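Per-entry structural report
Given next are the chains, with one letter for each unit.
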Amino acid sequence: MTRASGENAYDFLGEVALGRGPLALTGEAGAGRVCVTLRGPAAQGELRRALGPQLALVETADGLRIEFAAERLREIAGSSSPLARAVAAAALARRAPPREPRILGVVNVTPDSFSDGGDFADPGRAVEHGLALLAEGAHGLDIGGESARPGSQPVDLDEERRRVLPVIRGLARETRALLSVDTTKSRVAAEALDLGAGLINDVSAGRFDPGMFPLAAARGCELALMHMQGTPLDMQLSPTYGDVVAEVAQFLRERAAAAWGAGVAPEKLWIDPGLGFGKRLEHNLALLARLGELRSLGLSLLVGPSRKSFIEHVRVRALGERAGPPPEARERLGGSVAAAVSCALSGAELLRVHDVRVMAEALRVAVAIRDA
Ligand code: HH2
C-alpha cells in the first residue's frame, strides 16, 4: 500500500493490527477528554463491547466519532480488542511532546564500548556512575553489558548477565528512577525486570530473540524498538537506502505493529531511529533533519545521538586536510549537544546521553528559547 508520509502515517499501524481494509484513524487528546474519529467500516458493536457503555459514539459526516475520558486511555491501550487498542493509539499519536525531553544516562558495563569502554566495567563503579548521572539530572539510566559498536561480536548470555545484573540490583536498591536494560536477549531482560528494571532497550527491535515481545507483553514493561540495518557485525559494511527516513519509519511501524500484535500496549513502546546503526553520514543527518516525521507514528520517540561517529565525520568533512588525528569519542561533546538539542526541538521525548550535566543544561535553555 502507498502511504502519504506525515500526519496520517499512524493509520498504517491501525490497519496492521486490525487486519481490515482501509481504515483511517485520527485522534486528539486534550482537556481530559479524548476524541477519535474512525473512518471506514464503523464497527460500533465491537467498540461498545471493548470500551464499555460509558462511551460516546456519534455518527458524523467524517465518520464515527468516539469520545471518552482521557484517564481511560491507559486501560483502553491495554485492551484485548485490536480495535480498542487502535483507538487508544490514534489518541496517543496526537499527544503534544513534553516541554523538555527526559534524559536517559548511559551506564555501559562493558570492556569495549566505543564511547566509554572499560570505564565502568566494575559493578561498584558502574552503580556509582549511574547515581552520579541521576544527581546531574538524568531521569533514568540505560544499563548495557554488550557493546553494539560496528564490528562487535555478540556477548555470551552468562557473561552479559554477570556484567549487567549486579549493577541493576545495586541501582534498584538506591533509586526509584527508571532503569532500562540495554539488551537483545530476553533472558537478560527478564532477570533485569525481576531486579527492578522498567524498560527494555532492544537495539534489534525484537529481531534477535523471539521471546522479547511476549516477555514485554507479559510484564507490562516499557519497550524501546531501535532501527538497525543488519547486525552490529555487518551494519557499517555498506549501508544502503533509497529514502532512509521513509525506510526507517516503515521498519519501526512494522516492528511496533508486531510488538502490538504480541500484546505490548502502544503507550509502552518507544521508537528509535538508531543513529549510527547501519547508516552513513548522510543517513544520520537526514534522520536528524527529518526526525519529526517519525513522531507521526504516534509512539514515543527516543534518540541516542551522544558521542556517535557522525559527529566526527561532520568534523572531517568540514576541516578536510586540517582535521588532524581524530579525538576520542568522549571528546565529541559539542557535537553531541548540538545533535541532542536538534532532537529535542524536533519532538524527541527521551535522549540517551553520556554527558548528563551539560546536556541537561543545554536542553533546558534550548526549550526555554523555543517556548519564549
Ligand atoms: N546506541 C548505543 C547503544 N544502545 N540504544 C538505543 N535505543 N539507541 C541508541 O542510539 C543506542 C543504544 C551505542 O552507544 P554506546 O552504548 O555508547 O556504545 P556501545 O554500543 O559500544 O556500548
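These lines cover the structure that appears in this document, whether it is placed above or below. The model shown is predicted, which means the values in this text are computed figures rather than measured ones.

A few words now on the environment of phenylalanine 114. Along the chain, phenylalanine 114 falls in the loop between strand S5 (102-108) and helix H5 (123-135). As for phenylalanine 114 and arginine 307, which are separated by 193 residues in sequence, their C-alpha atoms are 8.8 Å apart. Once residues within four sequence positions are removed from consideration, phenylalanine 114 is found in contact with Ser147, Arg149, Ser306, Arg307, Lys308, Ala329 and Arg332.

Before going further, it helps to spend a moment on the sheet that holds strand S12 (residues 350-353). Ordered in space as S5-S6-S7-S8-S9-S10-S11-S12, the eight strands form a closed barrel in which the pairing is parallel. The sheet shows a mean angle of 25 degrees between the axes of neighbouring strands, taken without regard to direction. Here strand S11 (residues 300-303) runs beside S12; their pairing, made up of two bridges, is parallel. Bridge pairing links valine 303 to leucine 351 in S12. Sitting on the sheet, helix H14 (residues 356-371) touches S5 and S12, and the angle it makes with S5 is about 165 degrees.

This next bit is on the site of the ligand. Taken together, 18 residues sit near the ligand, with Ser113, Ser115, Ser147, Asp272 and Lys308 positioned nearest. Take asparagine 108: an N or O atom from its side chain is 3.1 Å from an oxygen atom of the ligand. In this structure, lysine 308 approaches the ligand through a side-chain N or O atom, which is 2.7 Å from an oxygen atom. For the ligand, whose free accessible area comes to 470 Å², the fraction covered by protein is 98%. Tallied by class, residues from the shell around the ligand come to six nonpolar, seven polar and five charged.

What follows is about the environment of glutamate 67. Here glutamate 67 shows up in strand S4 (residues 63-69). Taking the C-alpha atoms as reference, glutamate 67 lies 4.5 Å from cysteine 35; in sequence the two are 32 residues apart.

Rules of the game
- Residues numbered from 1 in each chain as written.
- Predicted model: local features only at pLDDT ≥ 70, side-chain atom pairs only at ≥ 80, totals over all residues.
- Heavy atoms only, no water.
- Helix = DSSP H or I, 4+ residues; strand = E, 2+ residues; numbered from the N terminus.
- Contact = heavy atoms within 4.5 Å.
- Pairing = 2+ DSSP bridges.
- Axes fitted to C-alpha atoms, helices over the stretch in contact; angles between N-to-C directions.
- Near = heavy atom within 4 Å.
- Polar contact = N/O pair within 3.5 Å; in protein donor to acceptor, adjacent residues only side chain to side chain.
- Areas by Shrake-Rupley, 256 points an atom, 1.4 Å probe, with all protein chains shown as cover.
- Nonpolar A, V, L, I, M, F, W, Y, C, P; charged D, E, K, R; others polar.

In short, shape yes, function no, at least from these values alone.
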